[in-house]
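Descriptive structure summary
The residues making up each chain are set out below.
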Amino acid sequence: MSLNPQYEEIGKGFVQQYYAIFDDPANRANVVNFYSATDSFMTFEGHQIQGAPKILEKVQSLSFQKITRVITTVDSQPTFDGGVLINVLGRLQCDDDPPHAFSQVFMLKANAGTFFVAHDIFRLNIHNSA
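Under an unreviewed UniProt entry, the chain has the name NTF2-related export protein and belongs to Drosophila rhopaloa. The chain has a UniProt comment under Function (unreviewed entry) that states "Has a role in nuclear-cytoplasmic transport of proteins and mRNAs."

This is the structure in structure tokens:
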């Protein structure tokens, strides 16, 4: 394979679609469809998870209902195997908690004309200022 020339559009479109599903409590469980049953990895606040079933368990264990998200920037790069590396910076607020900056990195892997999330790293950007 070669570099995908539409990597910017793919990255921005994916981020818009992913967060629209994740941020809707009625549809949140459907984010599992972005992941492979065995070949996807997620690191959520330092906790390592492999495979769509375990990723779904993690998503369903999150205690918030309402999430408000503002995306600051989406940076994408093509990979040599036809995939797309995406870095997202933004701010989110869950329920009545104070807003926090966050970062999330996705590695989309090409698979038969479509993509799946091979790697997903999420982290709140909370700094210890003490």
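After that view of the structure, there is still more to cover.
Attention shifts here to the sheet that holds strand S1 (residues 41-44). If you trace the six strands from one edge of the open sheet to the other, you get S2-S1-S6-S5-S4-S3, paired in mixed fashion. Of all the strands in the sheet, the pair left with one neighbour each is strand S2 (47-50) and strand S3 (67-78). With strand direction ignored, the average angle separating the axes of adjacent strands in the sheet is 20 degrees. In the sheet, strand S4 (residues 84-94) pairs with strand S5 (residues 100-111) via nine bridges, with the strands oriented antiparallel.

Here the focus is the layout of surface pockets. If you add up the space inside the largest pocket, you get close to 320 Å³. Elements with a contribution of two residues or more to the lining of the largest pocket: helix H1 (7-22), S1, helix H2 (52-61), S3, S4, S5 and strand S6 (114-124).

Further remarks concern the nonpolar core. In this structure, Phe 14, Tyr 18, Phe 34, Tyr 35, Ile 86 and Phe 106 are the most contacted members of the largest nonpolar core, which totals 31 residues. Mapped by element, the contributors of at least two residues to this core are H1, S1, H2, S3, S4, S5 and S6. Once residues lying within four places of it in the same chain are set aside, the contact partners of Tyr 18 are Val 31, Phe 34, Tyr 35, Met 42, Gln 104, Phe 106 and Asp 120.

Calculation notes
- Residues numbered from 1 in each chain as written.
- Predicted model: local features only at pLDDT ≥ 70, side-chain atom pairs only at ≥ 80, totals over all residues.
- Heavy atoms only, no water.
- UniProt positions renumbered as here; feature names shortened; annotations may be inferred.
- Pairing = 2+ DSSP bridges.
- Helix = DSSP H or I, 4+ residues; strand = E, 2+ residues; numbered from the N terminus.
- Axes fitted to C-alpha atoms, helices over the stretch in contact; angles between N-to-C directions.
- 1 Å grid on protein atoms, 1.4 Å probe; cavity = no way out; pocket = protein on both sides within 12 Å on 5 of 7 lines; lining within 4 Å.
- Points joined across faces, edges and corners; volume = space filled by probe spheres on them.
- Core = buried A, V, L, I, M, F, W, Y, C linked by side-chain atoms within 4.5 Å.
- Buried < 20%, exposed > 50% of the residue type's maximum accessible area, 1.4 Å probe, protein only.
- Contact = heavy atoms within 4.5 Å.

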